[in-house]
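Results of the structural survey
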2 protein chains.
Amino acid sequence: MVTISDIAKQSGVAKSTVSRFLNGGSVSETTKLKIESVINETGYIPNTFAQSLKAKRTNIIGTIVPRLNSFATSQTLIGIDEQLREYNCQMIISNTSQNLEREIENIYSFAKQKIAGIILLATQITEAHLEATRKVNIPILLVGQQHDAFYSLIHNDFDAGYDIGKYVLEKGHRKIAYLGVSEKDIAVGLKRKSGFQRAVSEHSDCEVHYYETSFKIGEAIKKVPSIIDSIQPTLFVCATDNIALGVLKAASLKGLNIPNDVSITGFGGYDMTEIVYPGITTIKFYYEEVGTKAAQMLMKLINDEKVDKTTILNYKIIERESVDNLSLSNL
Amino acid sequence: MVTISDIAKQSGVAKSTVSRFLNGGSVSETTKLKIESVINETGYIPNTFAQSLKAKRTNIIGTIVPRLNSFATSQTLIGIDEQLREYNCQMIISNTSQNLEREIENIYSFAKQKIAGIILLATQITEAHLEATRKVNIPILLVGQQHDAFYSLIHNDFDAGYDIGKYVLEKGHRKIAYLGVSEKDIAVGLKRKSGFQRAVSEHSDCEVHYYETSFKIGEAIKKVPSIIDSIQPTLFVCATDNIALGVLKAASLKGLNIPNDVSITGFGGYDMTEIVYPGITTIKFYYEEVGTKAAQMLMKLINDEKVDKTTILNYKIIERESVDNLSLSNL
DNA sequence: CTGAAAGCGCTTACAG
DNA sequence: CTGAAAGCGCTTACAG
């Protein structure tokens, strides 16, 4: 193990000078060169712990995720990781398995570890979150949800909901099943639905039935048959791609043809929506870019630079084959 | 920030005694009680960096993964994480984005960070891996691949290949397209194929055509049409579920009915194989259990306990609807 | 621009 | 069982 003392000795300077060199302080050109070459020769790498102990700050970023096996999470993590690498930061990922308490625990334990900042992929913000945030006093960036007490980076869920609503209405659908999730999840449960409802409200002749399910594909699969039987919608609007995938499976099992017998839309832009047959029309959110952006924002927060309280990211609608054009077939 | 000195003062003992208490050294019952209560009052948590700096060992485990957005990886990580939590260990995940050089870099950088051990979800072992392993001198557990120089935890790829081969042959398939990946990936590319070939070799009347593709779904989708046109197989045996998903998509696009026109099998047991229509018959590997087991093994390695050089994990075949029974239809 | 010194919070022989 | 002391590898005023 080569330490800063070794470098100092071999370069014929003091430890403090080496340290200054390492941290971009003022060092003369000649000593700079000398130290540099010694470091290269020896392959010296600073001991992170010693640095952190003294500096009371690490270059470690903690990311708290509700689950690891989700397309959105994976892509976001990739983006964060990629960006953090450029900042020479490490990322620690903490998976809470959808357990809100663990989320809180993790905030505290990250704080004790002197982590530089936290990226929280949140689904809900509770009173405990607020309290933890107040106490720990390290920068936290909320991703995917908005809350007054946090800096946040969110998808444009409302507009996305509005656009998908307008889109399917233009295609002539008037009897629609909306398969949503709990409104406790403001972004996914509430905003997407509200946007959609706004679009619906612009058409007086539209009949929409609202249902609530979970994020689990299996649950959607189970719920669909009875919905089809009872109201015979021409279209399912699903609050997530996973739910859409479940509807597709259930409808296929029922022997229905998509989109001729029933149409489907999702939200997310998960890879799988393109792989299934037929491809599912959906709203694509740019998860990886969200990750990159999140890392950038957190970095600014850490460095006390100015950051907008809320940043809204864009989306785009991807038209595939899962939505029938009824207005066309009526001609 | 409350430190060990605070605890010492308030308990009326020396820092070293507190430290001994914390680390399970010999402390009298009365001082034990005293220290304990002070710690509880103050909410003291040891500073990880100070500990690590001195002890030259952390409770951090590094996991190196080739990609983050893979079902197998995610599930394995969940298993590792869950188990590590019980050991009070942190996990740092490092994503190499399939870049072998980054894998090597990460081994070194983990070593410099005094990480306790490394779990390497490997696809290939190169000379550089061997060199890194020799140099860093910290326990490394290989997951998914076997190599003499490593402790490893692997799937039973050969037997799985053999079983799927036997299964489809029993179903009467005799004209088969095997869609594999590079043999550089010993486990996925070579062993699965070898096992399958062994099964085939037991039937003289079987015609198999071997093709190579990547792990990317898109590439499989592109390759399939020409294969179907040129040899008209009754069945595709795919070396991974993603490839199988691609074949299903391509065949569906071609207007073929699965399994009536062409059958498909995969390897892996990814969630998605159950969600697509029809469900894909596949080999299920227990990825989450692999993760748990990996964490357990690495822990033993770290504690210098005895560990088998190679541990082979089980699998099971999941029959779904993607394989036609030709022997039945011939009756 | 440079160096000596103190100290970050902990652990570890060592002596008692 | 307990305490004083040294030291892990680094950074940071401070003085020059």
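All values derive from a computational prediction rather than experimental measurement.

1. Here's the deal with the overall build of chain A
A tally of helices and strands in chain A yields 14 helices and 12 strands. In summary, chain A has a C-alpha radius of gyration of 25 Å against a globular reference of 20 Å for 331 residues, an excess of more than 25%. By principal-axis analysis of the C-alpha atoms, chain A measures approximately 85 × 40 × 35 Å. For chain A, the proportion of its 331 residues judged to be buried stands at 55%. For chain A, long-range pairs separated by at least 24 residues make up 69% of all intrachain contacts whose partners lie at least 6 apart in sequence. Working note: accessible area of chain A is about 14,500 Å², and carbon and sulfur atoms make up 48% of it. Side chains of chain A give 36 positive and 37 negative charges; the mean places of these two sets differ by 7 Å.

2. Some details on the protein's contact with DNA strand C
Taken together, 25 residues surround DNA strand C, and among them S26 and K54 of chain A together with I4, S19 and Y44 of chain B come closest. Per the 4 Å cut-off to the protein, sugar and phosphate atoms form 60% of the nearby atoms of DNA strand C. S19 of chain B places a side-chain nitrogen or oxygen 2.7 Å from a phosphate oxygen of DNA strand C. At a separation of 3.3 Å, a phosphate oxygen of DNA strand C approaches a polar side-chain atom of N23 of chain B.

3. A closer look at the pairing of strand β6 (residues 175-180) of chain B
Within a regular strand, the side chains alternate between the two sheet faces. All names here are of chain B. Within β6, 5 of the 6 residues are buried, which leaves the element mostly enclosed by the surrounding structure. Tracing the backbone out of β6, into helix α9 (residues 186-201) and back to the parallel element strand β7 (residues 207-212) gives a crossover that is right-handed. With 4 bridges joining them, β6 and strand β8 (residues 235-238) adopt parallel strand pairing. Paired with Y178 across the strands is V237, a residue of β8.

4. Considering the sheet that holds β6 of chain B
Residue and element names in this part refer to chain B. Here 6 strands make up an open sheet; going across it, the order is β7-β6-β8-β9-β10-β12 and the pairing mixed. The open sheet terminates on both sides in strands that have one partner only, identified here as β7 and β12 (315-318). The mean angle between the axes of side-by-side strands here comes to 15°, regardless of whether they run parallel or antiparallel. Where strand β10 (residues 281-285) and β12 come together, 4 bridges link them in antiparallel fashion. Residue T282 lies in a different strand from β12, and its bridge partner there is I318. Where α9 meets the sheet, it contacts β6, β7, β8, β9 (263-268) and β10, and its direction lies at approximately 170° from that of β7.

5. Comments concerning the packing of aromatic side chains
Residue and element names in this part refer to chain B. For the structure on display, the rule yields 17 aromatic pairs over all chains. Aromatic side chains Y178 and Y210 sit 5.5 Å apart centroid to centroid with 45° between the ring planes, which places their arrangement in the tilted category. Of the two residues, Y178 sits in strand β6 while Y210 sits in strand β7, which places them 32 residues apart along the sequence. Relative to Y315, the ring of F285 lies with its centre 6.4 Å away and its plane at 70°, an arrangement referred to as edge-to-face. Here F285, found in strand β10, pairs with Y315, found in strand β12; they are 30 residues apart in sequence, far enough to count as distant.

6. A look at the interface of chain A and chain B
Bring the parts together and some accessible area is lost; that lost area is often taken as the interface size. With 44 residues of chain A at the interface, the matching set in chain B holds 44 residues. Across the interface of chain A and chain B, roughly 4,200 Å² is buried in total on both sides, 61% from carbon and sulfur atoms. Counting across the chain A and chain B interface gives 2 salt bridges. The partner of R102 of chain B in a salt bridge is E82 of chain A, and the shortest N-O contact between them spans 2.9 Å. Our count for the chain A to chain B interface comes out at 10 residue pairs in polar contact (both at pLDDT 80 or more). Counting only elements with at least two residues in the side of chain A that touches chain B, the list comes to α4 (48-55), α5 (71-86), β2 (90-95), α6 (100-112), α10 (217-231), α11 (241-253) and α12 (272-275) of chain A. By residue number, the principal contributor to the side of chain A that touches chain B is α5 of chain A, which donates 7 residues. A per-class count over the side of chain A that touches chain B returns 21 nonpolar, 14 polar and 9 charged.

7. A closer look at the packing of α4 of chain A against helix α4 (residues 48-55) of chain B
Helix-helix packing is described using two parameters, namely the angle between the two axes and the distance between the axes. At a minimum axis separation of 8 Å, α4 of chain A and α4 of chain B run at an interaxial angle of 140°. Judged by the angle between their axes, α4 of chain A and α4 of chain B are oblique. The two elements α4 of chain A and α4 of chain B meet at a crossing, and its hand is left-handed. Residue-level inspection shows F49, A50, S52 and L53 of chain A of α4 of chain A in contact with α4 of chain B, the latter providing F49, A50, S52 and L53 of chain B. Taken together, the residues of the contact of α4 of chain A with α4 of chain B break down into 6 nonpolar, 2 polar and no charged.

8. Comments concerning the nonpolar core
Core analysis: the largest hydrophobic core is formed by 105 residues, its most contacted members being F196 and F236 of chain A together with F196 and F236 of chain B. Setting aside residues no more than four positions away along its own chain, F236 of chain A makes contact with A177, L179, V224, I227, I228, V247, V262, S263, I264 and T265 of chain A. Formed by 52 residues, the second largest nonpolar core is a distinct cluster that contains I61, M91 and L141 of chain A together with I61 of chain B.

9. Structural notes on the UniProt feature "domain: HTH cro/C1-type" (unreviewed entry) in chain A
Per the UniProt entry, the sites bearing "domain: HTH cro/C1-type" (unreviewed entry) are residues 3-45 of chain A in this numbering. The span residues 3-45 of chain A is 70% helix and 0% strand, and its two end C-alpha atoms sit 8 Å from each other.

10. Some words on the domain arrangement of chain A
Residue and element names in this part refer to chain A. Entries for chain A in the domain assignment read domain 1 (4-46), domain 2 (58-155 + 287-313) and domain 3 (157-285 + 317-329). Here the C-alpha centre of domain 3 lies 30 Å away from the C-alpha centre of domain 2. In this assembly, 10 residues from domain 2 lie in contact with 11 residues from domain 3. In total, about 1,000 Å² of surface goes out of reach between domain 2 and domain 3, with carbon and sulfur atoms giving 48% of it. Among the residues of domain 2 in contact with domain 3, F71, H155 and Y287 are the three that bury the most area, contributing 53% of the side total. For the interface between domain 2 and domain 3, the tally reads 0 salt bridges. Applying the counting rule to domain 2 against domain 3 returns 5 residue pairs in polar contact (both at pLDDT 80 or more). Elements with a contribution of two residues or more to the side of domain 2 that touches domain 3: α5 and β5 (151-155).

Definitions and limits used
Residues numbered from 1 in each chain as written. Chains lettered and ligands numbered in written order. Predicted model: local features only at pLDDT ≥ 70, side-chain atom pairs only at ≥ 80, totals over all residues. Heavy atoms only, no water. Helix = DSSP H or I, 4+ residues; strand = E, 2+ residues; numbered from the N terminus. Rg over C-alpha atoms; globule rule 2.2 N^0.38 Å. Buried < 20%, exposed > 50% of the residue type's maximum accessible area, 1.4 Å probe, protein only. Contact = heavy atoms within 4.5 Å. Areas by Shrake-Rupley, 256 points an atom, 1.4 Å probe, with all protein chains shown as cover. Lys, Arg positive; Asp, Glu negative; His and termini not counted. Charge placed at Lys NZ, Arg CZ, Asp CG, Glu CD. Near = heavy atom within 4 Å. Polar contact = N/O pair within 3.5 Å; in protein donor to acceptor, adjacent residues only side chain to side chain. Right-handed = clockwise from strand over helix to strand, strands pointing away. Pairing = 2+ DSSP bridges. Axes fitted to C-alpha atoms, helices over the stretch in contact; angles between N-to-C directions. Phe/Tyr/Trp six-rings, centres within 6.5 Å; stacked < 30°, edge-to-face > 60°. Buried area = accessible area lost by both parts, 1.4 Å probe. Salt bridge = Lys/Arg side-chain N within 4 Å of Asp/Glu carboxyl O. Nonpolar A, V, L, I, M, F, W, Y, C, P; charged D, E, K, R; others polar. Parallel < 35°, antiparallel > 145°, perpendicular 65-115°, else oblique. Left-handed = near helix turned anticlockwise from the far one by under 90°. Core = buried A, V, L, I, M, F, W, Y, C linked by side-chain atoms within 4.5 Å. UniProt positions renumbered as here; feature names shortened; annotations may be inferred. Domains from an automatic or database assignment.

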